[in-house]
Structure formats: C-alpha cells, structure tokens
Amino acid sequence: MDVAQQTVPDTDLAGRRRCAGLLAGATLNEIRAAWDTLAEKPEARPVRGPETGLVMVRGRIGGGGSPFNLGEATVTRATVALASGTVGHAQALGTDKDKARLSAIFDALWQEEASRDFVETAILAPVETRLAAEEAQKAEETAATRVDFFTMVRGDD
Amino acid sequence: MYVAVKGGEAAITNAHRLLADRRRGDRSLPSVTIDQIAEQLGLAVDRVMAEASLYDRSLAALAVRQSRGDLIEAIFLLRAYRTTLPRFGSSVPLDTADMQVERRVSATYKDLPGGQLLGPTFDYTHRLLDPSLLSDEAVEEPARREAGEEAIMRVSDILAHEGLIEADGDLPQDQPAGDLTREPLEFPMSRDLRLQALARGDEGFLLALGYSTQRGYGRNHPFVGEVRIGEVEVEMDIPELGFAVSLGRIRVTECQMVNQFKGSSKAPPQFTRGYGLVFGQNERKAMSMSLVDRALRAEELGEDITAPAQDEEFVISHSDNVQATGFVEHLKLPHYVDFQAELAMVRKMRADIEAARNGENEMKDAAE
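Residues numbered from 1 in each chain as written. Chains lettered and ligands numbered in written order. Predicted model: local features only at pLDDT ≥ 70, side-chain atom pairs only at ≥ 80, totals over all residues.

Re the overall build of chain A
Next, step 1: The helix and strand inventory of chain A stands at four helices and three strands.
Next, step 2: Its C-alpha radius of gyration of 21 Å places chain A more than 25% over the 15 Å reference for a compact globule of 157 residues.
Next, step 3: Counting only residues that meet the buried cut, chain A has 41% of its 157 residues in that class. (Helix = DSSP H or I, 4+ residues; strand = E, 2+ residues; numbered from the N terminus. Rg over C-alpha atoms; globule rule 2.2 N^0.38 Å. Buried ≥ 20, exposed ≤ 12 C-beta atoms within 10 Å, placed from the backbone.)

In structure tokens form, the structure reads like this:
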C-alpha cells in the first residue's frame, strides 16, 4: 500500500489533527500505560521507522513577516500498518522511538470505529486534561508576577 | 610540504582517559544526571541549543555534561551530532503571538493589553550570593493568581495603528527563506539569512556588538518594545496526512526592539525595528540580536555605515563560535614543519642583514 496515497475524509480532519497533537504531547509513560491496558494488542507492521531526523523550525521576521530559518529540532516519526490495513502515523519532537512507534499504533487504532473510544478514554482524554492543567497552572504562576501599577498621591494639589 | 609523522597514539588514548576521569571528578560525590542538568542548569542548556541551532533539551544537557560545562565545546558536540541526522522538512512558521507567555515586559508602554508579566527573572534581584543554596533547603511553591483572559497583544501591533512604525519585515515576493546550512554564505545577504546567522551566533559576540551600538558606534536609539518568553507550538505539514499537525512545544525568547529613526533619503521619520528570536530562555541574547539586526539594516534604511556592528560581512563572518573556536584553537595543533620553515627563513633574513652590515663596515673601513 502506498502510504502517500492515503487520504483522510474532511470530517475526520479536525479529530485526526487533535489526536496527532495529543499523542505528540504525551509522555512515553502515558502512552505505555495506555498500551498496557489494551486487552488485545494489535499486530502492527512497521512501514517506516521509527526514525529520528530534523525539522527546520521557522520564525517570521518581526514576528509576522516573511519566514526565516531559526534552527532545527529533533523529531522522531513512525508509520505502522495494522492487519486490517489501516495505516497510522506519528511524529513528535525529541528522539523517543518507542513513543513514536506506539503513537503510530494509537493513531491507527483511533481511525478504526471499534477502537476509537478506547484511544479517546485511555490516552487522549487524560493527556488533554494534564496539558490543560499544566497550562492553567503556568498561566496562574505567571499572572502572580504581573505588575499592578499605582500612582502615589502627590503632596501639592 | 606535509611530512607524515607517527607517534602519540598512546599519549592521546591516555589523555582522553584522563579527561574522562577529570570530567567525573571526585568519585565520593554523586554523578550529575542529565535530568538534573536539564532542570537545574536549564539556561546553560538553552544557550547550547540556541548556538548549536538544534532544539533538544536532553541532548544539549548530555553535551553540557560531556563537555564538563564548557558551553562552546557542548555547542560543538551538538552541531556535530546534528550533521548525522536527515532533515524531514520545515515547520510551519512559529506564531509567537499565540505563545503561552511566561514572561513579557515592555519598556515603551506601562499599561498594555496583557500587562507587564515579570516571570522568572533575575531582574530586581540584588545579586547577592545566597548562602541558603549551599545546602538543599526546601523551595517555596510559586505564588498563583487568576490569569486574565486578555490577549497578550504585540507591542508592534499597538504602534502600527498610528502608522508610525514600520511593518514586520517582508522579503520580495516568491523569495524562499535562505538556509545557511545548505548554501555557502554570500554577501550582501538578505535579512532572513542574517537572522538565521544571528540566532545561532555567539551570545558574547552579539552582546558586545549590541553594546557598541549603545556606546555610539552605529547608534540606533533603541527601546525594548517588548521581550516575551514562553512556549510555542511547532507544527509541520505531513504529506501523508495532507495537513499540518503539532509536533509539540518549544520555548523561545522574542525581542521586538523599536528604534527611533529621523528618516533618510530612503525612508521617512518613523520608528524602525530590530528583531530577535532565540531558542530557549535567553533575553540577553534576544535583545543583543535585535540590536545587531537593526544595525545591519543600515544600508536598507539609507544610513551611513561607520561602525563594526553595521558591517554585515564583518558581523556575520565572525558570529559563529564553532567556526571561530575551530580556527583559533587549530593554532595549537602541530605546525612543526611550518615553524621550521619560518625559522629557517628568519635565520636567513638575519644572516643577510648581518652580511650586508658587515659589507658596509668593510667598505667604510676601506674608505677610511
């Protein structure tokens, strides 16, 4: 099967994006824990990787102008195919190959009706909750360092 | 002429063994872990990532450990590692307006949307050594306060409403961003390539150049419009999927320098801008970068080029500390044959001068 030919229906696009983003944001421990609770481990044939490479991270001149190359980041990616033929992809910053391989399997499982709920409840929802909690905590810690200016009352008039 | 000389293998092996020993240090002390370096020496790790031009906290921490804390050596290690990896592609350009801000200050507006957020800063500390850090005393949890919903607006957007500030920099249409890791440097270069070079440039070198502009060598009247530090999403288009997905988040520091400009034959009086963007938390580097970026725009803005910081070829050719250390440090490698040749030449010159002098004296004697 030509991996590049695989297309995604529009309706699933937002869901697939969210799934890929949350898997990228998950830790290996979170992904392993979900994998361990999976009753029947699917057979997954490696199609590509896991392999580590680089992504050139781009910025924009002045913040919003033309793109420029800021520097590279390590990225690890994997593609797997389930016995059913469903292909899963994963890619995340860092060099963790186990995380990429298991994430690709979860990406494939998410696409199958029968296992989507499992992926949602075992991995995506907990990761989403953790990320939101971390973000909220950081925002509150930063907010506590906000300067509240006040004007001293002047002596004359 | 090169002459093959053998020898030194045993000395080199033993030197590296000794290096490993000194790196480990006193065995009665626990060994420092990669996680400890990444967590507790995080700003050293950030500097290594920025100047190696490779974002990976664990590998940068490993490099810091391996180099015994010699950060330029660590940068060199990470740069070398980078060359072993294939490139998968380029990210979607970062959206720094959408950053999860951890610090944001402006020197140009007191009350601005989002406010002045000091974050984890060294500013306002008294720079007194803290004896409590001699031991491992418990550290308080950070204070918390409800976060506002208000967007943390860019300062450049606030000024843009009045039309008194130039826009974000745009390259000519269809000009793809240059990449100095793929093409040799050529001067003059466009601003995108300069920013790439400055983003990986040596912090000390850029700091000194930025400082030189403040002291009058290419003065450019800067104000910090804004410095912001925080995490941004890195997204990449995945051809197999046909859309962009998030790869995770990285921390960056951005500086928008706003420079008063009295106008020239090429541009009216307005505020011009210098831009700095750096991997990790490093506002000294981001600020220096934006000062130097602005200085290097002298020609574009029709200013006289009078100072080192405005000289593109000088600045960009000498900003890379891996190149610089390679060339400076190679001087200590064997130059035995070169030196023998020089020695022979100096001896000959000396002998020639003495012979000439003796000849003159003999002539004088004969004349007398």
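Picking up after the structure, the text goes on.
Describing the overall build of chain B
Next, step 1: The secondary structure content of chain B amounts to twelve helices and six strands.
Next, step 2: By the compact-globule yardstick of 21 Å for 368 residues, chain B is too spread out, its C-alpha radius of gyration being 27 Å.
Next, step 3: C-alpha atoms of chain B, sized along the principal axes, occupy 100 × 65 × 55 Å.
Next, step 4: A separation of at least 24 residues holds for 65% of the contacts in chain B among residues at least 6 apart in sequence. (Contact = placed C-beta atoms within 7 Å.)

Digging into the packing of helix H3 (residues 42-52) of chain B against helix H4 (residues 57-66) of chain B
Residues and elements named next belong to chain B.
Next, step 1: Contact geometry for H3 and H4: axes closest at 9 Å, N-to-C directions at 105°. Between H3 and H4, the angle falls in the class roughly perpendicular. Across the interface between the two elements, Ala44, Val45, Val48, Met49 and Ala52 from H3 touch Arg57, Ala60, Ala61, Ala63 and Val64 from H4.
Next, step 2: Its residues assigned to classes, the contact of H3 with H4 shows nine nonpolar, no polar and one charged. (Axes fitted to C-alpha atoms, helices over the stretch in contact; angles between N-to-C directions. Parallel < 35°, antiparallel > 145°, perpendicular 65-115°, else oblique. Nonpolar A, V, L, I, M, F, W, Y, C, P; charged D, E, K, R; others polar.)

As for the interface of chain A and chain B
Next, step 1: In this assembly, 55 residues from chain A lie in contact with 67 residues from chain B.
Next, step 2: Mapped onto the side of chain A that touches chain B, the elements with two or more residues apiece are helix H1 (10-25), strand S1 (44-60), strand S2 (67-82), strand S3 (87-93) and helix H4 (113-143) of chain A.
Next, step 3: Broken down by element, the side of chain A that touches chain B gets its largest block of residues, ten residues, from S2 of chain A.
Next, step 4: Counted by class, the side of chain A that touches chain B contains 23 nonpolar, 21 polar and eleven charged residues.

Details of the sheet that holds strand S6 (residues 270-279) of chain B
Residue and element names in this part refer to chain B.
Next, step 1: As summarised here, the arrangement of the four strands in space is S3-S4-S5-S6, forming an open sheet in which the pairing is antiparallel. Strand pairing shows two members of the sheet lacking a second neighbour, strand S3 (100-105) and S6, which therefore form its edges. Geometrically, the sheet is characterised by an average inter-axis angle of 25° between neighbouring strands, direction not taken into account.
Next, step 2: Where S3 meets strand S4 (residues 222-238), five bridges bridge the pair, whose relative direction is antiparallel. Residue Arg103 lies in a different strand from S4, and its bridge partner there is Ile229. (Pairing = 2+ DSSP bridges.)

Describing the domain arrangement of chain B
Accessible area lost upon the coming together of the parts is a frequently used measure of interface size.
Residue and element names in this part refer to chain B.
Next, step 1: The assigned domain composition of chain B is domain 1 (9-82) and domain 2 (96-120 + 149-169 + 178-326).
Next, step 2: Each partner contributes to the interface: domain 1 provides twelve residues, whereas domain 2 provides 14 residues.
Next, step 3: Sorting the residues of the side of domain 1 that touches domain 2 by element identifies H3 and helix H5 (71-82) as the ones contributing at least two each.
Next, step 4: Looking at the side of domain 1 that touches domain 2, the element that brings in the most residues is H3, giving six residues.
Next, step 5: Each residue belonging to the side of domain 1 that touches domain 2 can be placed in one class, and the counts come to seven nonpolar, one polar and four charged. (Domains from an automatic or database assignment.)

Brief notes about the pairing of S1 of chain A
Next, step 1: Both S1 of chain A and S2 of chain A contribute to a ladder of 14 bridges, which runs antiparallel. Note on S2 of chain A: the bridge partner recorded for Pro46 of chain A is Val80 of chain A.
Next, step 2: Taking the residues between adjacent antiparallel strands as the criterion, S1 of chain A and S2 of chain A are bridged by six residues, where Gly62 of chain A takes a positive phi near 70°.
Next, step 3: As paired elements, S1 of chain A and strand S2 (residues 87-90) of chain B share three bridges and run parallel to each other. Following the sheet pairing, Val55 of chain A is matched in S2 of chain B by Gly89 of chain B.

Notes on the nonpolar core
All names here are of chain B.
Next, step 1: Of all hydrophobic cores here, the largest spans 100 residues; its most connected members are Val48, Ala60, Leu78 and Val292.
Next, step 2: Composition of this core by domain shows at least three residues from each of domain 1 (9-82) and domain 2 (96-120 + 149-169 + 178-326).
Next, step 3: Filtering out sequence-adjacent residues up to four positions away, Leu78 remains in contact with Val48, Ala52, Leu54, Leu59, Ala60 and Ala63. (Core = buried A, V, L, I, M, F, W, Y, C linked by C-beta atoms within 7 Å.)

Remarks on the confidence of the model for chain B
Next, step 1: With 99% of its residues at a pLDDT of 70 or more, chain B has an overall mean of 92.
Next, step 2: For this predicted complex, the interface confidence reaches an ipTM of 0.91, while the overall pTM sits at 0.91. (pLDDT = per-residue confidence, 0-100.)

A short note on the environment of Arg104 of chain B
Residues and elements named next belong to chain B.
Next, step 1: Relative to the assigned elements, Arg104 resides in strand S3.
Next, step 2: Exposure remark for Arg104: the 26 C-beta atoms within 10 Å place this residue in the buried category.
Next, step 3: A sequence separation of 149 residues divides Arg104 from Thr253, and the C-alpha atoms of the two residues are 9.7 Å apart.
Next, step 4: Setting aside anything within four residues of it in sequence, one finds Arg104 in contact with Gly114, Leu117, Ile152, Glu226 and Arg228.

Considerations on the confidence of the model for chain A
Residue and element names in this part refer to chain A.
Next, step 1: Averaged over all residues, the pLDDT of chain A is 90; the fraction at 70 or higher stands at 90%.
Next, step 2: The least confident element of chain A is H1, whose mean pLDDT is 87; the most confident is S2, at 96.
Next, step 3: Note that residues 1-5 has pLDDT below 50 and, in this model, nine contacts with residues that lie over four places away or in other chains.

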